[in-house]
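Residue-level structural notes
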Amino acid sequence: MKISNRMLCGDDKMNEEDKGQESYNAKKYRTPDGVPADIVMFTLTKRERKTVTKTLPIRELKVMLIRRKSWPYAGMWALPGGFCQESESIYGAAKRELKEETGVDGGHLEYLGVYSTPGRDPRGWIISNAFFALVEESALEQRQAADDAEEVGMFGIHEALDQLELAFDHREIIRDAYVRIQQKMLQTTIAKQFLPKHFTLSELYQVIQTVVPEFKEPNFIRKITSTRSRQGILEEVRDEMGKKLSSNQYSQRSAQLYMFTDEIPLLSIYT
Ligand SMILES: Nc1ncnc2c1ncn2[C@@H]1O[C@H](COP(=O)(O)OP(=O)(O)OC[C@H]2O[C@@H](O)[C@H](O)[C@@H]2O)[C@@H](O)[C@H]1O
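These numbers were taken from a predicted model, which means no experiment stands behind them. (Residues numbered from 1 in each chain as written. Predicted model: local features only at pLDDT ≥ 70, side-chain atom pairs only at ≥ 80, totals over all residues. Heavy atoms only, no water.)

Observations concerning the pairing of strand E1 (residues 36-47)
Burial analysis of E1 places ten of its twelve residues in the buried class, the great majority of the element. Relative to strand E4 (residues 81-83), E1 runs antiparallel, the two sharing three bridges. Residue pairing across strands places Ala37 opposite Gly82, the latter belonging to E4. Examined bridge by bridge, E1 and strand E6 (residues 128-134) share six bridges and lie parallel to one another. Its bridge partner being in E6, Ile39 is matched across the sheet by Phe131. Of the pairings in the sheet, the one linking E1 to strand E2 (residues 58-67) comprises six bridges and is antiparallel in character. If you follow Thr43 over to E2, its bridge partner there is Lys62. (Buried < 20%, exposed > 50% of the residue type's maximum accessible area, 1.4 Å probe, protein only. Helix = DSSP H or I, 4+ residues; strand = E, 2+ residues; numbered from the N terminus. Pairing = 2+ DSSP bridges.)

This is how it looks when you write it as structure tokens:
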């Protein structure tokens, strides 16, 4: 009896594997024509008010869009995005796009969802994976200034959603990203992406309200500093001597400065 090496290894299953591999032909099947990654790049712009009395700056939630130069949807505004290459993961493609578009390496980049409605891209069966990123205003401004060839725009979220003609299903993607960032603003500490390391509670409240205008909490300061479930996410900023630090940048009276800790609270809608 002839004994093959495989049998000596006692691995009949491997034989089956080899046979399967030999007879499999991926080309027999219709597969997608492309798998791009799109990124909703949010930033919170900050403009100082021209008032005599010190007051908080004007903040606005904006998204970065690029005007398409060629078919399909030539001339329309679209999300920055591009095709995933065979050698990279979808997340890797999104990271690459973010770096190419803004120069930002790292930062908050998060998966949003898959967009695959048949016909969403007239070029063929093209399934997009969407992400959202929270980017500093300065990075997007630099991007805007750097590129003469491409028209890059920063639009208020409502202007983008209600007034612009957008390519592909990008309105749907931006709307979903807006809902997601609003949820996250109320349920997580992502506000820290839009604040300096040290900030006052009035600034934090303003950042939350800029993203979620419906958010109204008259007892915000008392609650955030005393409610048990909130304790631990913020801490007072102190100097080396342990003295509390405050700022009067945006108010007549000095206000205590705070910073986020690394604590991630487990919140419940039931408590
Ligand atoms: N089907 C494809 N698969 C892979 N690469 C492709 C494909 N078609 C074109 N390309 C390459 O990608 C380049 C175009 O790149 P971008 O301009 O970044 O891509 P864009 O036309 O914007 O397509 C991405 C957009 O498609 C939408 O489905 C999606 O929402 C995303 O915004 C072309 O120069 C070409 O080299």
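Now, onward.
Digging into the site of the ligand
Every one of the 14 residues lining the ligand counts as a neighbour, but Asp38, Arg68, Asp121, Arg123 and His170 are closest to it. Arg68 places a side-chain nitrogen or oxygen 2.8 Å from an oxygen atom of the ligand. Its free accessible area being 730 Å², the ligand has 58% of it covered by the protein chains. Listing elements by their share of the shell around the ligand, those giving two or more residues are E1 and E4. Per-element accounting of the shell around the ligand gives the leading share, three residues, to E4. Considering only residue class, the shell around the ligand consists of four nonpolar, four polar and six charged. (Near = heavy atom within 4 Å. Polar contact = N/O pair within 3.5 Å; in protein donor to acceptor, adjacent residues only side chain to side chain. Areas by Shrake-Rupley, 256 points an atom, 1.4 Å probe, with all protein chains shown as cover. Nonpolar A, V, L, I, M, F, W, Y, C, P; charged D, E, K, R; others polar.)

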